[in-house]
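Report on the structure
Take a look at the letters that make up each chain.
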Amino acid sequence: MKNWTDYIHILTALLVITNPVGALPVFITLTRDQTLAARRNTARITATAVAIVLVVGMFLGEPLLRFFGIGLPSFRVGGGILIMMMAMAMLRGYPGETRHTPEERIEAEDKDSSAVVPLAIPMLAGPGAISTTIVYAHQASTGWDIVFLLFAALLVAGSVWAVLSLAEPIASRLGRYGISVATRVMGLILAAVAVEFIAGGLIQLFPGLG
């Protein structure tokens, strides 16, 4: 990381991958029987869980990969493919296909609290977001890079809290069509991020390609 352009790119990628706007319909469904105070508490717990997952992935992700003998270039390609799948699902208007299964959603509706599973994990801070934090943490070369990554994780979690806390007003203003359009735009940006991940990983694996 060398300049603010890289920082903005990282922040944009994390915001698009978590996509709190796309989670609104599921959040409203899972919390439809809750009071306003309880719904806001669910939003707070979800945002806190997202922050914890991103920060833990940032610091422990790469050592865990080394423990299992997985090289970062291979992980970048695999993570890029996963992110591309998420992007394609978002472009088709079905982002939940790669975030959680129908069984997880049905089971969550039967629980008193669904803030951590499936809202935080795997819907918001899922494999795609974790892969992204691991890759960017590896690229960090200075203390300021680490500080910014922590800031980005907290900012993303804050955006999750803000969007989910205002779920009904936002959903009513955007409508189903507006949410669908926003999801598709984010899917297009996410596809570009996935291509960069895959290309960077392939160049590391096969230097001749560069």
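Presented here is a report on the structure given in the accompanying data block. (Residues numbered from 1 in each chain as written. Predicted model: local features only at pLDDT ≥ 70, side-chain atom pairs only at ≥ 80, totals over all residues. Heavy atoms only, no water.)

Description of the pattern of salt bridges
Considering all chains together, one arrives at 2 salt bridges under this definition. Put simply, Arg39 and Glu168 hold a salt bridge, and the shortest N to O gap is 2.6 Å. In this pair, Arg39 sits in helix 3 (residues 36-67) while Glu168 sits in helix 9 (residues 167-205), placing the two residues 129 residues apart along the sequence. For Arg39, a relative accessible area of 10% translates into the label buried. (Salt bridge = Lys/Arg side-chain N within 4 Å of Asp/Glu carboxyl O. Helix = DSSP H or I, 4+ residues; strand = E, 2+ residues; numbered from the N terminus. Buried < 20%, exposed > 50% of the residue type's maximum accessible area, 1.4 Å probe, protein only.)

Considering a nonpolar patch on the surface
On the surface, a cluster of nonpolar side chains totalling about 380 Å² of accessible area is made up of Ile52, Val56, Phe59 and Leu60. Turning to its location among the elements, Ile52 is positioned in helix 3. (Patch = residues over 30% accessible without salt bridge, like charges linked within 9 Å, V, L, I, M, F, W, Y side chains within 5 Å. Areas by Shrake-Rupley, 256 points an atom, 1.4 Å probe, with all protein chains shown as cover.)

Considering helix 6 (residues 115-124)
The buried fraction of helix 6 is high, at 7 of 10 residues. Residues of helix 6 that are buried include every one of Ala115, Pro118, Leu119, Ala120, Pro122, Met123 and Leu124, and no others.

Considerations on the packing of helix 4 (residues 72-91) against helix 9
In contact at an axis separation of 7 Å, helix 4 and helix 9 are set at 160 degrees when each is read in the N-to-C sense. Here helix 4 lies roughly antiparallel to helix 9, going by the angle between them. Crossing handedness for the pair helix 4 and helix 9: left-handed. Grouping the constituent residues of the contact of helix 4 with helix 9 by class yields 19 nonpolar, 7 polar and 3 charged. (Axes fitted to C-alpha atoms, helices over the stretch in contact; angles between N-to-C directions. Parallel < 35°, antiparallel > 145°, perpendicular 65-115°, else oblique. Left-handed = near helix turned anticlockwise from the far one by under 90°. Nonpolar A, V, L, I, M, F, W, Y, C, P; charged D, E, K, R; others polar.)

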